[in-house]
Every structure is written in C-alpha cells, then in structure tokens.
Amino acid sequence: MNPTSTNIQTDQPCLLEDWGLIDYLQAWRRQQALVAEVVAGDPERLIFCEHPTVLTLGRLGKDEHILADADQLCTRGIPLVRIDRGGEVTLHAPGQLVVYPIVRLDRFGRDLKLYLAMLEQVAIDLLRGFDILADSSEGRRGVWAGGRKIASIGIGVRKWVAYHGLAVNVNTDLALFSLIRPCGLNVQMTSMQELLGHAVDMVQVKKALVEVWERHFKVHRIL
Amino acid sequence: MEQVILPELGEGITQATVACWHVKVGQQVAVDDDIVELVTDKATFCVPAPKNGMVQNILVAEGQPVRIGQPLATIR
C-alpha cells in the first residue's frame, strides 16, 4: 500500500454543517452520532463551529501542560475536558474556527499520516488566500506562520472514519494561550488577526475553507 | 481463538501506544465492537473486535508501545 493523493476516490458527496457557537462536549456528542451515520453509509460532513473558551487534553496531554491552576480556571469559568483525540493540550475560544470533518479514511488508503498532512495543507492554502504565508513544520504538527503556531490538528478514528480535525486562530484572544503550554511545547501562538493587523470576517474564512476543502478532498457539496 | 492485531495505520507509522482498553478479560464482544484505543502522532485510533467471542487475553498494557502487526489481545 503506497497511497498518494492521486488514488483518492473522487467526487464524494459532502454535507456542510455550521453549528455556530456550541459547547465543546455537545459538539463532541454530535460528532459521535455523525461518525456512526457516516460509518453506516451517510455522506461525509464538513462541520464548522466555534467553542466557548475551553481547554481540552488529548490522549498524550499531561497536567503539567496546563500552566494555570484549577482555581484560576474555575474563577474564569474555563472547563478542562479530557478527550479521545491525539495530541496534547489545546485551547478553543470564540474567534477560532474549529473544523470537524467526518471523513472516510478508506478514501485515503487508510493512511493517518496522509490525512493529517492533508488537513495541514488545507489550513496552509486557506491562509495563503488571505496573504498569510504559513507552512507545516518537520517533526512538529500544526501550521506555522513566522515561527508561531496559527492552526492545530488532531484526529480520532473509529471504524476508519475520522473526526475531530482542525482549529484555525482567526480572531482568537491570544492572551488565553498563556493558560497552557500548547502541544506540550514552548510555542507561541498567533492568529490571522494578529498577522494582518485587523479582525477577519469569519464568514469569508468559512467560504474560503469550503473551496479549499472541495479541491483537496475531491468532494462536491450537496447542501 | 483469534488474535487482535494492530493494523497498518499508514506509511511511516511503525508503532502506536495503547491509550485505553474498552474491554476486560472474560468480557463478551461482538464483531466490530471497539475494544482498544491507540494513539500515534496526532491521532487516536480504535481497533475493533475481529469476531464475536470472549476476550481471552490482553497482551499489551495501557501506556505501552505496540508495533504494527503485533497482537494486542486474543478472542475466543
């Protein structure tokens, strides 16, 4: 098995869903329900949402990756959720575009690395459309611009259907990231807003992402 | 008796780590039930039961690494 992007099954139907601002765990439960539907043969999904501020700890996450203490998080009303995603700690907050693709990995030769790389490429191409030069980085996942991290990835896979996905800092309040050590690394985060010097219209970002998605994942929207 | 094997996860992935078992020794499972969750790179991955039966042995503890193709459990 030597999968390349050329053997991706093309022209798959894909339903677009925008969940708006949604509680993290509620979105997690909705994803689980949709994974079961896609396993059963329903069309793939491309889901957009934003989350109220929340810290999530992936399977490789350790408590020491969270710099804030429990009292501090409690006072600020920021929940900490342990989840079934690869990767370490991450932070979601309004202004960050969260993308949850529910995708059949059978289409990509059941290759987790290829799919993760494709998610990074989607973010890179999305940002390029807004004149932000970003890239992936050898040895560390995510998408980086000017040495700072602008998008994070992490997936879960059940019955060869992937969920979780991609988080792009559009207008995220970057001060919030001082609560964590993102991905267990000493990294600085950035956002489209910080790099461009102005807030970015989320609607335009979603629209651009759909176009990039259709191109990379060879899907056609049926919504 | 059938072994539950860690399948190929993609080019360049040689091993994963057992994140958590969803079953115990002696438990009945149905084909396709997720029985163990592994983690590699930025992905978690659930391995399903290959057949109906009872979990006879769990061969790799949580937190331990496992190579592609290595048996994770046996089901009778």
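Structure first, text after, so check above.
Residues numbered from 1 in each chain as written. Chains lettered and ligands numbered in written order. Predicted model: local features only at pLDDT ≥ 70, side-chain atom pairs only at ≥ 80, totals over all residues. Heavy atoms only, no water.

1. Comments concerning the overall build of chain B
And then number 1: The number of helices and strands found in chain B is zero helices and eight strands.
And then number 2: Relative to the compact-globule value of 11 Å for 76 residues, chain B shows a C-alpha radius of gyration of 12 Å, a close match.
And then number 3: Put simply, chain B has 76 residues, and 45% of those count as buried.
And then number 4: For chain B, the accessible area works out to roughly 3500 Å², and carbon and sulfur atoms hold 47% of it.
And then number 5: Both charge centroids of chain B, one from 5 positive and one from 9 negative side chains, sit 9 Å from each other. (Helix = DSSP H or I, 4+ residues; strand = E, 2+ residues; numbered from the N terminus. Rg over C-alpha atoms; globule rule 2.2 N^0.38 Å. Buried < 20%, exposed > 50% of the residue type's maximum accessible area, 1.4 Å probe, protein only. Areas by Shrake-Rupley, 256 points an atom, 1.4 Å probe, with all protein chains shown as cover. Lys, Arg positive; Asp, Glu negative; His and termini not counted. Charge placed at Lys NZ, Arg CZ, Asp CG, Glu CD.)

2. Quick look at helix α5 (residues 202-217) of chain A
All names here are of chain A.
And then number 1: Its 16 residues place the ends of α5 22 Å apart at the C-alpha level, agreeing with the 22 Å of an ideal helix rising 1.5 Å per residue.
And then number 2: M202, V205, K206, A208, L209, V210, V212, W213, H216 and F217 are the residues of α5 that are buried.
And then number 3: Here the buried face of α5 lies against β1 (12-21), β2 (44-50), β6 (96-104), α3 (112-128), α4 (192-196) and β11 (219-221).
And then number 4: Regarding α5, its N-cap is D201, as a side-chain oxygen of that residue lies 3.0 Å from the backbone nitrogen of V203 further along. (Expected span 1.5 Å × (residues − 1). Contact = heavy atoms within 4.5 Å. Polar contact = N/O pair within 3.5 Å; in protein donor to acceptor, adjacent residues only side chain to side chain.)

3. Brief notes about the sheet that holds strand β3 (residues 28-29) of chain B
Residues and elements named next belong to chain B.
And then number 1: Across the sheet, which stays open at both edges, the four strands sit in the order β1-β8-β6-β3 with antiparallel pairing between neighbours. The outermost strands of the open sheet, each flanked by one partner alone, are β1 (2-5) and β3.
And then number 2: Of the pairings in the sheet, the one linking strand β6 (residues 53-58) to strand β8 (residues 71-75) comprises three bridges and is antiparallel in character. Paired with N57 across the strands is T74, a residue of β8. (Pairing = 2+ DSSP bridges.)

4. Focus: the packing of α3(A) against α5(A)
Residue and element names in this part refer to chain A.
And then number 1: In contact at an axis separation of 9 Å, α3 and α5 are set at 135° when each is read in the N-to-C sense. One finds that α3 runs oblique with respect to α5. At the point where α3 passes α5, the crossing takes the right-handed sense. On α5, the residues that touch Y115, M118, L119, Q121, V122, D125 and L126 of α3 are V205, A208, L209, V212, W213, R215, H216 and F217.
And then number 2: Here the contact of α3 with α5 is built from residues that sort into eleven nonpolar, two polar and two charged. (Axes fitted to C-alpha atoms, helices over the stretch in contact; angles between N-to-C directions. Parallel < 35°, antiparallel > 145°, perpendicular 65-115°, else oblique. Left-handed = near helix turned anticlockwise from the far one by under 90°. Nonpolar A, V, L, I, M, F, W, Y, C, P; charged D, E, K, R; others polar.)

5. Describing the nonpolar core
And then number 1: A:L46, A:Y115, A:M192, A:L209, A:W213, B:L38 and B:L72 are the most contacted members of the largest nonpolar core, which has 68 residues in total.
And then number 2: Beyond its immediate sequence surroundings of up to four residues, A:L46 is in contact with A:C14, A:L15, A:L16, A:E17, A:V99, A:Y100, A:P101, A:L209, A:V210 and A:W213.
And then number 3: Core analysis: the next-biggest nonpolar cluster, separate from the first, contains 18 residues, A:Y24, A:I47, A:I102 and A:V161 among them. (Core = buried A, V, L, I, M, F, W, Y, C linked by side-chain atoms within 4.5 Å.)

6. So, the interface of chain B and chain A
And then number 1: Each partner contributes to the interface: chain B provides 20 residues, whereas chain A provides 25 residues.
And then number 2: Of the roughly 1800 Å² buried between chain B and chain A, counting both surfaces, carbon and sulfur atoms make up 57%.
And then number 3: On the surface where chain B and chain A come into contact, there are four salt bridges.
And then number 4: In this structure, A:K159 and B:D34 form a salt bridge, with 3.4 Å as the shortest nitrogen-oxygen distance. (Buried area = accessible area lost by both parts, 1.4 Å probe. Salt bridge = Lys/Arg side-chain N within 4 Å of Asp/Glu carboxyl O.)

7. Here's the deal with the pattern of salt bridges
All names here are of chain A.
And then number 1: Applying the stated criterion across every chain, the model contains 13 salt bridges over all chains.
And then number 2: In this structure, E44 and R107 form a salt bridge, with 2.9 Å as the shortest nitrogen-oxygen distance. Taken together, the positions of E44 in strand β2 and R107 in the loop between β6 and α3 put the pair 63 residues apart, joining distant regions of the chain. Neither E44 nor R107 differs from the other in exposure class; each is buried.

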